[in-house]
Every structure is written in C-alpha cells, then in structure tokens.
Amino acid sequence: MDISVSVQPFERIYEVIMPKAIFEEILEHVKREYPTEACGVLLGLISEGRSTVKKIVPLRNVLSSDSAFWFELRDWMKAIIDAKKEGLDYIGIYHSHGREHPLPSLSDRHRMLECPGEVWVIVAYIPGKEPALAAYRVDDYSSGLARVYLTVTQDY
Ligand SMILES: [Zn+2]
C-alpha cells in the first residue's frame, strides 16, 4: 500500500508560517536528541498555498543516527489521522542536522521523491551556534527540489 499518496497535502505549498512558539518546541526536541537527528510531523492549516504550523508531533528516529533518520510509519500515520480529527492538515515533516547548513542530504532527496508535495523542514543545529532552518518540497519525479518560503513569526 502506498500510504504517502493518501495523506499527501491536497494543495501545493509555497510558504510555511511557523509561530515562534512552535519553532522553540522543535528546537527543544532537536537539542534533546542531539547528536541524533530528531524528526517529527508538522500539522496545521493550509490555504491557497500557504501553510501555518499549529502543532508538531515528535517521532522517534528509529535509525538512532547522527546522519540519517526515519520513523515508524504507524506513528506517522497516527499523528496525521489524529490531527485530521482536530481539523488540522498534514503539512509535512521536520528533522534536524548536526551540521551548519540546513541542506537536504542525498538520502533526504531520495525520501522526498517518495513523498511528493510534502514540505520538509530541516533544522541545522550545532550547540553554541545559531540554528538555521529551511523548507523544501518536491512536486513529482520529474521536478527538482524547490525551496519553500519559511517565516518564523511572533504571532499565530
Ligand atoms: Zn536530513
């Protein structure tokens, strides 16, 4: 069964608005797991290509790796189904890199091709340095990686 098809966002997402409180929640998760890569689900509202993150659900990195991540698909599905009941859409996933720049790794790029339409937020975090984050999207097999506008905002 191709699970990714049934849960991919309906609309193409061009922009991610992330309230500062949500970003801090992600950062806490990233710091807690460091140097292991942290990962989780981004949920919120999507309208006219703009998504606003309202909630995150941290997932366990089953690879326990500092250079790769993946999660139990069952946990990921549950987060999405629970969110639907709360009226929240699935935006995509976040994960961390213990590197300076939030650039997708080769395995990230391969994974993204399997999840067209999803937004992937990468948080680059090294202790003592300012974290950096970026968002990406792949539309289909024939298109490349697209940057998605990402704004961390004070308000909801
Ligand atoms: Zn990665």
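Predicted model only: the values in this text are computed from it and were never measured. In this convention, every chain numbers its residues from 1, walking through the sequence in written order. Per-residue local features are limited, in this predicted model, to residues with pLDDT of at least 70; the limit for side-chain atom pairs, both in listing and counting, is 80 or more; totals at the level of whole chains, interfaces and linings are taken over all residues.

Student: Mind showing me how you'd approach the overall build of the chain here?
Tutor: Going along the chain from the N terminus, every DSSP run of H or I of four or more residues is numbered as a helix, and every run of E of two or more is numbered as a strand. Check the secondary structure of the chain and you find four helices and seven strands. The secondary structure elements of the chain, listed N-terminal to C-terminal, are α-β-α-β-β-α-β-α-β-β-β. Atoms considered for the radius of gyration are the C-alpha atoms alone. The globule rule reads 2.2 Å times the number of residues to the power 0.38. In terms of overall dimensions, the chain is globule-like: its C-alpha atoms have a radius of gyration of 14 Å, near the 15 Å expected for 156 residues. Once the C-alpha set of the chain is aligned to its principal axes, its extents read approximately 40 × 35 × 30 Å.

Student: Is there a simple way to explain unusual backbone geometry in this structure?
Tutor: The amide bond that connects tyrosine 34 to the next residue, proline 35, takes the cis arrangement and shows omega of 5°. Relative to the helices and strands, proline 35 is located in the loop between helix 2 (20-33) and strand 2 (39-47). Unusually for a residue other than glycine, glutamate 48 sits at a positive phi of about 50°. Turning to its location among the elements, glutamate 48 is positioned in the loop between strand 2 and strand 3 (50-59).

Student: What exactly am I supposed to notice about the environment of arginine 109 here?
Tutor: Relative to the helices and strands, arginine 109 resides in helix 4 (residues 106-114). Sequence separation between arginine 109 and tyrosine 136 is 27 residues, and the spatial gap between their C-alpha atoms is 9.8 Å. The contact criterion used is a C-beta to C-beta distance within 7 Å, with each C-beta placed from the backbone. Other than its neighbours up to four places away in sequence, arginine 109 contacts Pro104 and Leu145.

Student: What's the story with the environment of glycine 98 in this structure? I'm lost.
Tutor: As for its placement among the helices and strands, glycine 98 is situated in the loop between strand 4 (89-97) and helix 4. C-alpha separation for the pair glycine 98 and serine 64, spaced 34 residues apart in sequence, amounts to 13 Å. If we ignore the near neighbours within four places in the chain, the residues touching glycine 98 are Tyr34, Pro35, Asp66, Tyr125 and Ile126.

Student: What should I look at first to understand the confidence of the model for the chain in this one?
Tutor: In low-pLDDT segments, the atomic positions of the prediction should not be examined closely. For every residue, the predictor states its confidence as a pLDDT score lying anywhere from 0 to 100. For the chain, the mean per-residue pLDDT works out to 91, and 92% of the residues sit at or above 70. Mean pLDDT per element in the chain: helix 1 (residues 3-7) is the minimum at 51, and strand 5 (residues 119-124) is the maximum at 98.

Student: For this particular structure, what's the right way to read the nonpolar core?
Tutor: What tends to happen in soluble globular proteins is that the nonpolar side chains get buried as a cluster. Judged by nonpolar contacts, the single largest core of 37 residues is most densely connected at Val16, Leu42, Val119 and Val121. Take this core: its biggest share by element is five residues, from strand 5. When sequence neighbours within four positions are dropped, the list of residues in contact with valine 16 reads Ser51, Val53, Ile91, Val119, Val121, Ala135, Val148, Tyr149 and Leu150. What makes a nonpolar core is a set of buried Ala, Val, Leu, Ile, Met, Phe, Trp, Tyr and Cys residues, with links drawn between C-beta atoms within 7 Å. Remark: C-beta atoms are placed from the backbone, and a residue is labelled buried if 20 or more other C-beta atoms sit within 10 Å of its own, exposed if 12 or fewer do, or partly exposed between those counts.

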